[in-house]
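# Per-entry structural report
As a plain string of letters, each chain reads:
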Amino acid sequence: MIRLFSKYGASSSKMVTFYFKNKDNSLTKVTSPIGQNLLQIAHKNEVDLEGACEQSLACSTCHVILPKQLYDKLPQPVPEEEDLLDLAYGLTETSRLGCQVKVDEKFENVIIQLPKATRNFYVDGHKPKPH
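What you see is a predicted model; the values in this text were computed from it and never measured. (Residues numbered from 1 in each chain as written. Predicted model: local features only at pLDDT ≥ 70, side-chain atom pairs only at ≥ 80, totals over all residues. Heavy atoms only, no water.)

### Concerning the pattern of salt bridges
A complete count under the given rule lists four salt bridges for this structure. One salt bridge in this structure joins Lys23 and Asp48, with 3.8 Å as the shortest N-O distance. Here Asp48 lies in the loop between helix H1 (38-44) and strand E5 (63-65) and Lys23 lies in the loop between strand E3 (15-21) and strand E4 (27-33), a separation of 25 residues in the sequence. Residue Lys23 is classed as partly exposed on the basis of its relative accessible area, which comes to 28%. (Salt bridge = Lys/Arg side-chain N within 4 Å of Asp/Glu carboxyl O. Helix = DSSP H or I, 4+ residues; strand = E, 2+ residues; numbered from the N terminus. Buried < 20%, exposed > 50% of the residue type's maximum accessible area, 1.4 Å probe, protein only.)

Shown next, in the form of structure tokens:
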């Protein structure tokens, strides 16, 4: 068996291409294996999505805004995510935490909006870098 590796780890035969709409309204096109979460994909593609708690579901800095048609097709957020979203800057009806949303075929050609700012409750302004 041959395994191919990329910046995502072991290769997946199913990939999806979509866009992040950055804080300056520019678009970043990304292609990712199905099953990765939005925060992981953003970090691997140098998209400025913060993720201060490093995916431990303890902050709202990976807040993203999904198109309604996509939001309605995804599983509902768990109560812990809903509580953290209440702290997010620029909350909308289609807001989610990027660390909790895994991509699948429904993401093809979709635009994921980044909010204009985040609320980082770390006193020192900690902004982790991807590992």
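### Overview of the packing of aromatic side chains
Describing an aromatic ring pair means giving the distance of the ring centres and the angle of the ring planes. If you walk through the whole model with that rule in mind, you get two aromatic pairs. Of the aromatic side chains, those joined through ring pairs into one cluster are Phe18, Phe20 and Phe107. (Phe/Tyr/Trp six-rings, centres within 6.5 Å; stacked < 30°, edge-to-face > 60°.)

### Focus: unusual backbone geometry
Although it is not a glycine, Asn25 adopts a positive phi angle of roughly 75°. We classify Asn25 as partly exposed; its relative accessible area is 44%. Its identity as a non-glycine residue notwithstanding, Gln55 has a phi of 70°, on the positive side. Secondary-structure assignment places Gln55 in the loop between H1 and E5.

### Let's talk about the pairing of E3
Inspection of the sheet shows E3 paired to E4 by seven bridges, in the antiparallel sense. Its bridge partner lying in E4, Lys21 is registered against Leu27. Taken together, E3 and the strand that follows it, E4, pair antiparallel across an intervening segment of five residues, in which Asn25 is found at a positive phi of about 75°. Note: E3 against strand E7 (residues 111-113), three bridges, orientation parallel. What sits directly across from Tyr19, in E7, is Ile111. (Pairing = 2+ DSSP bridges.)

### What about the environment of Val101?
Considering the arrangement of structural elements, one finds Val101 in the loop between strand E6 (95-97) and E7. The exposure class of Val101 is buried, given its relative accessible area of 3%. A C-alpha to C-alpha distance of 8.9 Å links Val101 and Pro77, two positions 24 residues apart in sequence. The residues touching Val101, leaving out its near neighbours within four places in the chain, are Gln36, Asn37, Leu38, Leu74, Arg96 and Phe107. (Contact = heavy atoms within 4.5 Å.)

No statement about biological role is implied by the geometric values presented.
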